[in-house]
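Commentary on secondary and tertiary structure
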Protein chains: 2
Amino acid sequence: MKNNFKVIGFDADDTLWINESYYRETEEAFFKLLSQFCDRDTASAVLLKQEVMNLNLYGYGAKGFCLSMLETALTVSEQRVQADTIGEIINLGKELINKPLVLLDGVVETLDYLKGKNIRLIVATKGDLLDQERKLGNSGIEKYFHHIEIMSEKKEENYRNLLSSIDLRPEEFLMIGNSLKSDVLPVLEIGGYGIHVPYHTTWQHEVVDDFTDHSRYLELKKITEIMGVI
Amino acid sequence: MKNNFKVIGFDADDTLWINESYYRETEEAFFKLLSQFCDRDTASAVLLKQEVMNLNLYGYGAKGFCLSMLETALTVSEQRVQADTIGEIINLGKELINKPLVLLDGVVETLDYLKGKNIRLIVATKGDLLDQERKLGNSGIEKYFHHIEIMSEKKEENYRNLLSSIDLRPEEFLMIGNSLKSDVLPVLEIGGYGIHVPYHTTWQHEVVDDFTDHSRYLELKKITEIMGVI
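Residues numbered from 1 in each chain as written. Chains lettered and ligands numbered in written order. Predicted model: local features only at pLDDT ≥ 70, side-chain atom pairs only at ≥ 80, totals over all residues. Heavy atoms only, no water.

We now examine the relation of the copies chain B and chain A. With an axial shift of 0.0 Å and an RMSD of 0.0 Å, the rotation relating chain B to chain A amounts to 180°. Considering both components of the superposition, the chain copies are consistent with a two-fold axis. When you check the interface residues of chain B against chain A, 100% turn up at the interface there too, and the contact is symmetric in its surfaces. (Least-squares fit on C-alpha atoms with pLDDT ≥ 70 in both. Contact = heavy atoms within 4.5 Å.)

Attention shifts here to the pairing of strand 4 (residues 173-177) of chain A. Residue and element names in this part refer to chain A. Strand 4 sits mainly inside the fold: five of its five residues count as buried. Neither face of strand 4 is exposed, since Phe173, Met175 and Gly177 on one face and Leu174 and Ile176 on the opposite face are all buried. Pairing between strand 1 (residues 7-10) and strand 4: four bridges, direction parallel. Bridged to Ile8 within strand 4 is Leu174. Alignment of strand 4 against strand 5 (residues 193-196), held across four bridges, turns out to be parallel. By the bridge assignment, Ile176 is partnered in strand 5 with Ile195. Crossover handedness for the path strand 4 to helix 8 (residues 180-189) to strand 5: right-handed. (Buried < 20%, exposed > 50% of the residue type's maximum accessible area, 1.4 Å probe, protein only. Helix = DSSP H or I, 4+ residues; strand = E, 2+ residues; numbered from the N terminus. Pairing = 2+ DSSP bridges. Right-handed = clockwise from strand over helix to strand, strands pointing away.)

Glancing now at the packing of helix 2 (residues 40-58) of chain A against helix 4 (residues 83-97) of chain B. One way to put it is that helix 2 of chain A packs onto helix 4 of chain B with a least axis distance of 11 Å and a crossing angle of 40°. The orientation of helix 2 of chain A with respect to helix 4 of chain B, classified from their angle, is oblique. When helix 2 of chain A is examined against helix 4 of chain B, the residues Gln50, Asn54, Leu57 and Tyr58 of chain A are found in contact with a partner set consisting of Ile90, Lys94 and Ile97 of chain B. Looking at the contact of helix 2 of chain A with helix 4 of chain B residue by residue, the classes come out as four nonpolar, two polar and one charged. (Axes fitted to C-alpha atoms, helices over the stretch in contact; angles between N-to-C directions. Parallel < 35°, antiparallel > 145°, perpendicular 65-115°, else oblique. Nonpolar A, V, L, I, M, F, W, Y, C, P; charged D, E, K, R; others polar.)

It is worth spelling out helix 1 (residues 20-33) of chain B at this point. Residue and element names in this part refer to chain B. Compared with an ideal rise of 1.5 Å per residue, which puts 14 residues at 20 Å, helix 1 spans 20 Å between its outermost C-alpha atoms and is within 8% of the ideal. Within helix 1, the full set of buried residues consists of Glu20, Ser21, Tyr22, Tyr23, Thr26, Glu27, Phe30, Phe31 and Leu33. On its buried side, helix 1 packs onto helix 2 (40-58), helix 3 (62-76) and helix 4. (Expected span 1.5 Å × (residues − 1).)

Turning our attention to the pairing of strand 2 (residues 120-125) of chain A. Residues and elements named next belong to chain A. With five of its six residues buried, strand 2 lies for the most part within the structure. Summarising the sheet, strand 1 and strand 2 pair through four bridges and their orientation is parallel. Looking across to strand 2, one finds that Ile8 is bridged to Leu121. In this sheet, strand 3 (residues 147-150) lies alongside strand 2 in parallel orientation, the contact comprising four bridges. From the neighbouring strand, Ala124 faces strand 3, where its bridge partner is Glu149. Note that the unit made of strand 2, helix 6 (residues 129-139) and strand 3 has a crossover that is right-handed.

Any link to function would need more than the numbers given here.
Here it is as structure tokens:
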């Protein structure tokens, strides 16, 4: 891959640190709370439907997720869920926000390597700004990044706006992330470069068919392999 | 005031468009829902306390506000609130997000005037990115702004990060907003310029003692007065 990028954008959740696993843990605890009303699969299906329905209104992040859990509880209980369960669900949401920050293997090593190059590193994420700032602050890797870009979505238009806001041409930009749909495909579409580093769990709503053939694209098994290509 | 600013930042809520009045309306509807458990003043006091307690965790915006309303309902009802009321509170939050966008008087005229100058205009807000993008998209004034900067807080450090992310020196930056505490004082502190245009309602948590004396500061009665000073 060419290596005269001016800016490299890193996705945050499941690229730099653990995230999706925490959502899965929270969901399992939530399904257990709902077991008085329905089985796990029903709860899971209703929750996913509710989340996707709310996405336009709430966007991404733990607060919208918590509100979707609450609506799911109202639905599957047919409006019979008790106040104490509502309180427990709100607490599940708060615990999710407060989960410890665990960096993925090789992240520090890779960032340390990139620091030696004349490339500005940014975090480009569609999570919640406050959550992501908190995580970055707890991560010990804040010093490697120039700033955080929060995106309401990661579609072509959003990447175009991002590049315009930092006065960058697409061919000067590389995006690295665990989601083909959000981190790679839209960036390739607008003329930028993309590296996909998969995480073992992907939210259903983010799954796309595999895709491999593009001159400005690379798929790596581990983030440390970036050191071999840039 | 000097007029060779490179960037002018506009606060969004209650500077460009109506916001706080919508929160007040939502609160009144919420207090009515809780009247089965407590009087209006009690509900209001518990809600404010809950919001401030949650600020570190949830940040600003309608979703955190909705979650704080829910916790308030649990508290004042002593865990007796019914599922249908929970559903109504969630809907109040959704309605708040969907309130119509109403620009404040003189905003378009003022932006039109500034467009003629060689100054980049940005929106700098601590609201939720998705909410603010939606509002800006519905406002008809999107074309005047280069991009939206979302800030998790509006303290000195956050403004320093903002300026660093757009490679700007403080003396090249003017911030315009309705909150002395958030839009003016921290910008003055780091060496920038501030214009205060008060809105008739201010959230209690944003109120500071009046302040008038600073060489890089102006207080205006209406946003249109900007045309007389820049």
